[in-house]
Amino acid sequence: MSDLILFWHRRDLRISDNTGLTAARKQSSKVVGVFCLDPNILEQDDVAPARVTYMIGSLQSLQERYAQAGSQLLILHAHPTQAIPKLAIALGARAVFWNWDVEPYSQQRDRAVTEALKEKGIQFLEKNWDQLLHSPEDIRTGSNQPYTVYTPFWKNWSSKPKAHPVEILENAEGLTEAEKEIAKASGVIELPSAKDLAFHWDGELVIEPGEAVAQERLEEFCANTINEYKEQRNFPAVEGTSRLSAALKFGVIGVRSVWQATVEALENSRSDETEASIRTWQQELAWREFYQHAMYNFPELAEGAFRKPFKNFPWENNEEHFQAWCEGRTGYPIVDAAMRQMNELGWMHNRCRMIVASFLTKDLLMNPQKGEKYFMQKLIDGDLSANNGGWQWSASSGMDPKPLRIFNPASQTQKFDQEGEYIRQWVPELRSMDTEYLVTGKISPLERHAVGYPDPIVDHNKQQRQFKELYQRQKMNEGR
Ligand code: FAD
Ligand code: FO1
């Protein structure tokens, strides 16, 4: 067996601040990266072209980083449970290291790979957490239970000391020419484009791929925007958030580095307002971890509603309404603007994600799983834990203690898009409409028809009454 350690990347597409990779480099100078294009994931019907385009671009940049460090990133396109052990055996690798993940599929996949490696006497890392500041085992209630409510989770999570970024991979040794031939014979291929994999995205990406871009974005955000985050993050027409979500989803940036940047921003902060803003952003990072811990501890969340009243809810599931929602043709300007933003950009502002999710479930009486899947089909940052958490929160079907949250599209617009700027940006046919009509949504049928904008497909007041009635009935029948 050689000194070779294969490092298997999955959602940690970087060489800096990567705990598993650093552990590998500490044990051997010969560390070679591998990424396996996985048909089990890529052939699902919930994979967004923008997301795969970002992932492939980040893999390309990761290959360049490996080359700079003196090594390689190998690409496979096969079932990882077979392909990873096969490659390790062919190359005589002494170990395969990787970072752990919370998703149900990752648990199953990683267990199978672990078993295959064990059989061949190839070492691996036991449960190495890299994408989280605290592992799900570390954040527990006083009675050693996982948290189901965010506020006490945040209290505990934020009180714990956080790890610093780890060393970057440098001066590694790669494969010899002979080993490269063996790798080829074991299935290693050139990195394909997203289009080669049948994912077509010609639009702009809300964040360009690669570590350097993510790092720059973080620095820029922490130097400026973070100071007014608390206020500005609510307005969809303003670029008041980091847009780092895709980089965080794919680990194109290390979470320790992100946290460190917030600590430095706090040290430089000169007012209570900026401090409060930075803390608010830290709380968003904690929401990310809260939902990942929840997915790890309660994998059944991925299958549907957590709370009883929603398990057998009599959703209307009107397919025409669903199509109108998907395409941004509901006749509710803020909802349509948001859906069109996501369709065109592969990203949607958080405020609008809440508005459209509430609208789909509480106004259109549609099973939230339909919306959850549509989001995954479109979002560059689509992530099982965060997306499921967001949908369960919006549908009131999750672990959250406040049961009924119904967003009124008009009052949301009046608060967060007062001038109708966001609506005008994404619904061009409404651009010349008076602001008052835009924000109240009270546009006459004549005016709607004149610009080719649809009538509201449902009446918000009527629908929310119906939703509440159904909910009360379900609570009586099914329990809380
Ligand atoms: P910032 O405001 O700059 O926040 C910083 C980071 O914190 C984000 O990049 C993200 O990693 C994390 N974060 C922020 N808010 C949340 C949150 N509520 N839950 C979990 N993590 C959060 N986020 C995803 O990353 N992937 C998803 O698939 C996803 N789906 C969502 C679906 C719904 C219905 C809702 C309501 C929210 C969803 N979110 C999702 C959370 C949130 O909308 C996005 O993380 C955020 O809009 C991304 O923009 P940003 O990077 O500028 O965020
Ligand atoms: N991880 C992989 O190891 N191989 C893939 O081909 C792959 C594709 C992919 C596409 C969309 C997406 O959102 C994530 C993707 N990932 C891929 C990362 C995935 O999140 C992790 O592998 C998880 O551990 C799976 O549970």
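Caption draft 1: Quick peek at the packing of aromatic side chains. Taken as a whole and assessed by the stated rule, the structure comprises 33 aromatic pairs. Measuring from centroid to centroid gives 6.5 Å for tyrosine 150 and phenylalanine 153, while their planes differ by 35 degrees, and the two rings are tilted. Remark: phenylalanine 153 and tyrosine 150 occur in helix 6 (residues 150–159); sequence separation between them is three residues, near one turn of the helix. Residue class for phenylalanine 153 comes out buried when judged on its relative accessible area of 1%. On the numbers, 5.9 Å between centres and 20 degrees between planes, the contact of phenylalanine 322 with tryptophan 325 is stacked. In this pair, phenylalanine 322 and tryptophan 325 are both assigned in helix 13 (residues 319–327), three residues apart and thus about one turn of the helix distant. Taking relative accessible area as the criterion, tryptophan 325 reaches 0% and is therefore assigned buried. Ring pairing ties together the aromatic residues Tyr147, Tyr150, Phe153, Trp287, Phe290 and Tyr291, which thus form one cluster.

Caption draft 2: Local environment of the side chain of threonine 241. By secondary structure assignment, the location of threonine 241 is in the loop between helix 9 (229–232) and helix 10 (245–249). For threonine 241, a relative accessible area of 18% puts it in the buried group. Excluding residues within four positions of it along the chain, threonine 241 makes contact with Phe221, Thr225, Tyr229, Arg233, Trp347 and His349.

Caption draft 3: Up close: the site of ligand 1. Taken together, 27 residues surround ligand 1, and among them Tyr229, Thr241, Ser242, Arg243 and Asn350 come closest. At 3.1 Å from an oxygen atom of ligand 1 is found a main-chain nitrogen or oxygen belonging to leucine 244. Interatomic distance of 3.0 Å between a backbone N/O atom of serine 245 and an oxygen atom of ligand 1. In isolation ligand 1 exposes 810 Å². Once the protein is present, 95% of that is buried. Mapped by element, the contributors of at least two residues to the shell around ligand 1 are helix 10, helix 12 (272–297), helix 15 (350–363) and helix 17 (384–395).

Caption draft 4: Representation of the domain arrangement of the protein chain in the model. Partitioning the protein chain into domains gives domain 1 (1–129), domain 2 (132–164 + 210–297) and domain 3 (308–479). Look at where the C-alpha atoms of domain 1 and domain 2 centre, and you get two points 26 Å apart. Facing 22 residues of domain 1, the contacting portion of domain 2 comprises 20 residues. Ionic pairing is found between aspartate 17 and arginine 256, a salt bridge with its closest N-O pair at 2.7 Å. The interface formed by domain 1 and domain 2 contains 14 residue pairs in polar contact (both at pLDDT 80 or more). Broken down by secondary-structure element, the contributors of at least two residues to the side of domain 1 that touches domain 2 are helix 3 (49–69) and helix 5 (104–119). Among the elements that make up the side of domain 1 that touches domain 2, the one with the highest residue count is helix 3 (seven residues).

Caption draft 5: Local environment of helix 4 (residues 80–91). For helix 4, spanning twelve residues, the distance from its first C-alpha to its last is 16 Å, which sits close to the expected 16 Å at 1.5 Å a residue. Three or more residues of helix 4 are buried, namely Pro80, Ala83, Ile84, Pro85, Leu87, Ala88 and Leu91. The inward-facing, buried residues of helix 4 abut strand 1 (5–9), strand 2 (31–37), strand 3 (73–77), strand 4 (95–98), helix 5 and helix 7 (177–185). Count one or two residues on from helix 4 and you reach glycine 92, which has phi positive near 65 degrees.

Caption draft 6: Quick peek at unusual backbone geometry. Positioned with a positive phi, arginine 243 is a non-glycine residue whose angle comes to about 55 degrees. Residue class for arginine 243 comes out buried when judged on its relative accessible area of 14%. Its identity is not glycine, yet asparagine 317 carries a phi of approximately 50 degrees, on the positive side. Locating asparagine 317 in the fold gives a position in the loop between helix 12 and helix 13. We classify asparagine 317 as partly exposed; its relative accessible area is 36%.

The rules behind these values
Residues numbered from 1 in each chain as written. Chains lettered and ligands numbered in written order. Predicted model: local features only at pLDDT ≥ 70, side-chain atom pairs only at ≥ 80, totals over all residues. Heavy atoms only, no water. Phe/Tyr/Trp six-rings, centres within 6.5 Å; stacked < 30°, edge-to-face > 60°. Helix = DSSP H or I, 4+ residues; strand = E, 2+ residues; numbered from the N terminus. Buried < 20%, exposed > 50% of the residue type's maximum accessible area, 1.4 Å probe, protein only. Contact = heavy atoms within 4.5 Å. Near = heavy atom within 4 Å. Polar contact = N/O pair within 3.5 Å; in protein donor to acceptor, adjacent residues only side chain to side chain. Areas by Shrake-Rupley, 256 points an atom, 1.4 Å probe, with all protein chains shown as cover. Domains from an automatic or database assignment. Salt bridge = Lys/Arg side-chain N within 4 Å of Asp/Glu carboxyl O. Expected span 1.5 Å × (residues − 1).

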